[in-house]
Amino acid sequence: MRYVCNACGYVYDPAIGDPDNGIAPGTKFEDLPEDWTCPMCGVGKDMFSPE
């Protein structure tokens with residue numbers, strides 16, 4: 001399942017991860033570190049919704 005940032009529209013896709021920030025492909029949204037933030041706008045995980 002992909003997650004969308006409610007602030008800027010960035011989509012976190014677990015199949016891709018967030019390689020620019022050290023998050024490997026295959027990392028579930030639930031398994032992201034608590035201090036992970038949106039790479040586009042910097043808001044926290046609580047500002048994301050399932051797509």
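In this text, all values refer to a predicted model and were calculated from it rather than measured experimentally.

A.B. asks: Tell me about the sheet that holds strand 3 (residues 48-50), residues and numbers included.
C.D. replies: Strand order in this open sheet of three strands is 2-1-3, and the pairing throughout is antiparallel. Each edge of the sheet is formed by a strand with only one pairing partner; in this case those strands are strand 2 (11-12) and strand 3.

A.B. asks: So, the environment of Tyr3: which residues are in play, and what are the values?
C.D. replies: The residue Tyr3 is located in strand 1 (residues 3-5) in this model. Tyr3 gets classed as buried once you look at its relative accessible area, which sits at 11%. Sequence spacing of Tyr3 and Met47 is 44 residues, and the spatial spacing of their C-alpha atoms is 9.7 Å. Once residues lying within four places of it in the same chain are set aside, the contact partners of Tyr3 are Tyr10, Val11, Tyr12, Phe29, Glu30, Phe48, Ser49, Pro50 and Glu51. A distance of 2.9 Å separates polar atoms of two side chains, one belonging to Tyr3 and the other to Glu30.

The rules behind the values
- Residues numbered from 1 in each chain as written.
- Predicted model: local features only at pLDDT ≥ 70, side-chain atom pairs only at ≥ 80, totals over all residues.
- Heavy atoms only, no water.
- Pairing = 2+ DSSP bridges.
- Helix = DSSP H or I, 4+ residues; strand = E, 2+ residues; numbered from the N terminus.
- Buried < 20%, exposed > 50% of the residue type's maximum accessible area, 1.4 Å probe, protein only.
- Contact = heavy atoms within 4.5 Å.
- Polar contact = N/O pair within 3.5 Å; in protein donor to acceptor, adjacent residues only side chain to side chain.

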